[in-house]
Each structure stands twice: as C-alpha cells, then as structure tokens.
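Single-letter residue listing:
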Amino acid sequence: MDEKPCAENSREIIECSNGKELAACEENSVMEPFVGMEFESEEAAKVSYDAYGTRFGFIMRVDAFRRSMRDGKVVWRRLVCNKEGFRKHRPRRSENRKPRAITREGCKAMIVVKKEKTGKWVVTRFVKEHNHPLVVAPTNNRRAVLLSQTPDDKDVKIRELTAELQRERKRSAAIQEQLDMVLKDMEEHSSFLSRNIDDIVRSMKEIESKRVVL
C-alpha cells in the first residue's frame, strides 16, 4: 500500500534525542514499529525508534547486540526504553551523600532488529507497553522535557568507555600498520641476505671445482 504524502502545511521538524532531525507529518510523522518492519541500516532503525520515543514520551537507549561469527560485524541489536532494567544496589560511600534519582524501573518496552541476508534490518520483536508514565510534551518543548529526565550514570559510563574503546582501536590499527611495515622490511632484508648467501655458496663451489681440476 502506498503511503500518503505529507501535506505541505502539516509538516514539522522533529528533533530526536540523538540530535538528528526527522521531517514528517504532524500526526503520522512517526510510524509505530511492528514485526517485519524493514530498515536500510541499523542506524536507520535507531533513528526511527528514537523518533518514536521522542514522539510518545520516552528516551531510547541502545542496548545489547550480537556480532557475526564470520566477519565480526553487528547483525542483531536491541533498542530499549531508558528505564529498562534496575540499577544495582551499591553501598553508599557517605551517609551525607544525596541518593541518586531512580531512573531504572524495569520497563520492558523494546524493539529487536536483525540484519537479513538481503542487507536490510528487520524488526523481529516489538514490546509496546511501558510500566511508567510517558512524558508527552508539545513539539517545540518535547526534547527539553525528555532530556530533563536524568540519564543513568551507567549509560554515561558506557558512552565514555565506548569512545575510549574507539580511540584504542585506532591506536591499535596504527601500531599494527607500523608493525606490518617493519615485518615487510625484515622479510625483504632476509630475502636479500639469502640471495647473497646463495651467491657466496655458488662462488665457493666454483672455486673448489677449479682447484680439483688443477
């Protein structure tokens, strides 16, 4: 079934919580996920669910993933509500320290997307219901209200560690490149020495053969 085009005067810009913008119709701008829904990429699935959360009053969090055993690329991803799970209880360092706000409430809302052989990402699971009130705000104030919900410290730490991991991967790649160059030079030098040794051995054999003749 063909989708109806958006009327020019009913369009608006929806700013997602990841900073991206999505142009769409005012009422039908964000399609509710459903099993079998297809996306061109993992990033497109993230943007879509993030926009859906922004529209209906919750913040998306990128959760678990699985990699291909063949090439190590991500082929399965779970996107959840930021109130998914529960915060682990840890003893307070100080009695005078103010307890952190509760941001995890065991919410089960999520979508799971999987990369198919065609290259498209397909929704294989969708849980719509949330176990907490949704903060739906006017369009021009939606992002501010959603972001006023304090993110879990663990999420912040995960983002920091992810950035650090990316830096270390780049550093490792640079070191590997230098190591490959050194190994290549050693291999060429070894080949050069081997040829010289062969020449010396050949010359010695020629000298010995001449001595025998004499």
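Further up the page is the structure itself.
Residues numbered from 1 in each chain as written. Predicted model: local features only at pLDDT ≥ 70, side-chain atom pairs only at ≥ 80, totals over all residues. Heavy atoms only, no water.

Now for the pattern of salt bridges. All told, the structure shown has nine salt bridges when counted by the stated rule. Between Glu42 and Arg77 there is a salt bridge, with the nearest N and O atoms lying 2.7 Å from each other. Here the residue Glu42 occupies a position in helix H1 (residues 42-56), and Arg77 occupies one in strand E5 (residues 74-81), the gap between them amounting to 35 residues. There is no split in this pair, since Glu42 and Arg77 are both buried. Salt-bridge contacts for Arg171 lead to Glu168; the nearest nitrogen and oxygen are separated by 3.6 Å. In this pair, Arg171 and Glu168 both sit in helix H3 (residues 153-213), three residues apart, roughly one turn of the helix. By relative accessible area, Arg171 is classed as exposed at 51%. Residues participating in the shared-partner salt-bridge network are Arg61, Asp63, Arg78 and Glu84. (Salt bridge = Lys/Arg side-chain N within 4 Å of Asp/Glu carboxyl O. Helix = DSSP H or I, 4+ residues; strand = E, 2+ residues; numbered from the N terminus. Buried < 20%, exposed > 50% of the residue type's maximum accessible area, 1.4 Å probe, protein only.)

We now examine the pairing of strand E6 (residues 110-115). The pairing of E5 with E6 spans five bridges and is classified as antiparallel. Within the sheet, the bridge partner assigned to Trp76 lies in E6 and is Lys114. As paired strands, E6 and strand E7 (residues 121-127) are joined by six bridges and run antiparallel to one another. Looking at E7, one finds that Lys114 is bridged to Val122. The antiparallel pairing of E6 with E7 creates a hairpin that spans five residues between the two strands, and Gly119 there sits at a positive phi of about 100 degrees. (Pairing = 2+ DSSP bridges.)

Our next topic: a nonpolar patch on the surface. Together, Leu179, Val182, Leu183 and Met186 give the surface a local cluster of nonpolar side chains, amounting to about 370 Å² of exposed area. Mapping Val182 onto the fold places it in helix H3. Of the residues examined, Val182 reaches a relative accessible area of 44% and is grouped as partly exposed. (Patch = residues over 30% accessible without salt bridge, like charges linked within 9 Å, V, L, I, M, F, W, Y side chains within 5 Å. Areas by Shrake-Rupley, 256 points an atom, 1.4 Å probe, with all protein chains shown as cover.)

Let us now look at the sheet that holds E6. The sheet built from five strands is open, its strands ordered E3-E7-E6-E5-E4 with antiparallel pairing. Two strands in the sheet have a free side with no partner beyond their single neighbour: strand E3 (38-39) and strand E4 (60-67). Against the sheet, H1 contacts E3, E4, E5, E6 and E7, and its axis sits at roughly 10 degrees relative to E5. (Contact = heavy atoms within 4.5 Å. Axes fitted to C-alpha atoms, helices over the stretch in contact; angles between N-to-C directions.)

The next subject is the packing of aromatic side chains. One pair of aromatic rings is described through two measures. These are the centre distance and the angle between the planes. The tally for this structure, following the rule as stated, stands at five aromatic pairs. Measuring from centroid to centroid gives 5.0 Å for Tyr52 and Phe56, while their planes differ by 55 degrees, and the two rings are tilted. Residue Tyr52 and its partner Phe56 are located together in helix H1, separated by four residues, close to a single helical turn. Taking relative accessible area as the criterion, Tyr52 reaches 5% and is therefore assigned buried. An aromatic cluster of three or more residues is present, and its members are Tyr49, Tyr52, Phe56, Phe58 and Phe126. A cation over an aromatic ring shows up here: Arg66 above the ring of Trp76, its NZ or CZ 4.0 Å from the ring centre. (Phe/Tyr/Trp six-rings, centres within 6.5 Å; stacked < 30°, edge-to-face > 60°. Lys NZ or Arg CZ within 6 Å of the ring centre and 35° of its normal.)

Turning our eyes to something else, we now look at the environment of Phe65. You can see Phe65 is positioned in strand E4. Along the primary structure Phe65 and Trp76 are separated by 11 residues, whereas in three dimensions their C-alpha atoms are 5.3 Å apart.

Among the nonpolar cores identified, the biggest contains 19 residues, and Phe39, Tyr49, Tyr52, Ile111, Val113 and Val123 are the most heavily contacted of them. If one sorts the elements of this core by residue count, H1 sits on top with four residues. Each residue touching Phe39, except ones within four places of it in the same chain, is listed here: Ala44, Ala45, Ser48, Val113, Lys120, Trp121 and Val123. Counting five residues, the second-largest nonpolar core is a separate cluster that includes Trp76, Val80, Val112 and Val127. (Core = buried A, V, L, I, M, F, W, Y, C linked by side-chain atoms within 4.5 Å.)

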